[in-house]
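Reading the structure
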Amino acid sequence: MAVKKTKLSGNAEVDHYMSQLVHPHKTEIALLRSIIIDANSKLEERIKWNAPSFFYQKDMAAFNLRAKGYVQIIFIFYDGNMLHEPSILQGEWKDRREARFYNLDDIEGKKPALEQFINKWIELIEGETN
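Residues numbered from 1 in each chain as written. Predicted model: local features only at pLDDT ≥ 70, side-chain atom pairs only at ≥ 80, totals over all residues. Heavy atoms only, no water.

Thoughts on the packing of aromatic side chains
- What the rule picks out here adds up to 7 aromatic pairs.
- When the centroid spacing of 5.1 Å and the interplanar angle of 85 degrees are considered together, the rings of Phe75 and Phe117 count as edge-to-face. Placement of the pair is Phe75 in strand E4 (residues 71-76) and Phe117 in helix H3 (residues 104-129), with a sequence separation of 42 residues.
- Note on Phe75: relative accessible area 0%, which makes it buried. (Phe/Tyr/Trp six-rings, centres within 6.5 Å; stacked < 30°, edge-to-face > 60°. Helix = DSSP H or I, 4+ residues; strand = E, 2+ residues; numbered from the N terminus. Buried < 20%, exposed > 50% of the residue type's maximum accessible area, 1.4 Å probe, protein only.)

Structural data, given as structure tokens:
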């Protein structure tokens, strides 16, 4: 009898992905993942766009694992509602911003701003859906 494979989802899917990941910034990616997911219990994660990504009611962010020399996270905004956090966000696109993290010290230095940003972002999304 054939064994039915169980499809992983959520944290288990990302845990499995991370266990298989070969990347020069794997330690930094893992730290950022934990900071983001621990910042707000409403946030969920999955693999989308072939990378760990985050969502709450809609897609919110994903790692861009092709970036060279740093870890890049693309943050997605909807309906022109943009948060400005100059200590971590860069770029001038109409629907997204990026954050770059160069090493563990850079991540630790930006951690409080990142956690605060995540919580403001959840509030923004909740405001859009009410």
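Here we look at the sheet that holds strand E1 (residues 44-48)
- Read from one edge of the open sheet, 5 strands run E1-E2-E3-E4-E5, paired in antiparallel fashion. Looking at which strands have only one partner, the edges of the open sheet turn out to be E1 and strand E5 (96-101). Taking each pair of neighbouring strands and ignoring which way they run, the sheet shows an average axis angle of 25 degrees.
- Examined bridge by bridge, strand E3 (residues 58-64) and E4 share 4 bridges and lie antiparallel to one another. Paired with Phe63 across the bridge in E4 is Ile73. (Pairing = 2+ DSSP bridges. Axes fitted to C-alpha atoms, helices over the stretch in contact; angles between N-to-C directions.)

So, the pattern of salt bridges
- Taken as a whole and judged by the stated rule, the model has 9 salt bridges.
- Ionic pairing is found between Asp95 and Arg96, a salt bridge with its closest N-O pair at 3.1 Å.
- Among the residues examined, Asp95 registers a relative accessible area of 32% and is labelled partly exposed.
- In this structure, Asp106 and Lys110 form a salt bridge, with 3.2 Å as the shortest nitrogen-oxygen distance. Highlighted residues: Asp106 and Lys110, both in helix H3, separated by 4 residues, approximately one helical turn.
- By relative accessible area, which is 18% here, Asp106 ends up buried. (Salt bridge = Lys/Arg side-chain N within 4 Å of Asp/Glu carboxyl O.)

Overview of the packing of helix H1 (residues 10-20) against helix H2 (residues 26-39)
- Where H1 contacts H2, the axes come no closer than 11 Å and their chain directions differ by 165 degrees. Put simply, H1 runs roughly antiparallel to H2. In this structure, the crossing between H1 and H2 has a hand that is left-handed. Packed against H1, whose contacting residues are Asn11, Val14, Asp15, Met18 and Ser19, the element H2 presents Lys26, Ile29, Ala30, Arg33 and Ile37 at the interface. (Parallel < 35°, antiparallel > 145°, perpendicular 65-115°, else oblique. Left-handed = near helix turned anticlockwise from the far one by under 90°. Contact = heavy atoms within 4.5 Å.)

Examining the confidence of the model for the protein
- For the protein, per-residue confidence averages 89 on the pLDDT scale, and residues scoring 70 or more make up 91% of the total.
- Averaged pLDDT values for the elements of the protein fall to 90 in H3 and rise to 97 in H2. (pLDDT = per-residue confidence, 0-100.)

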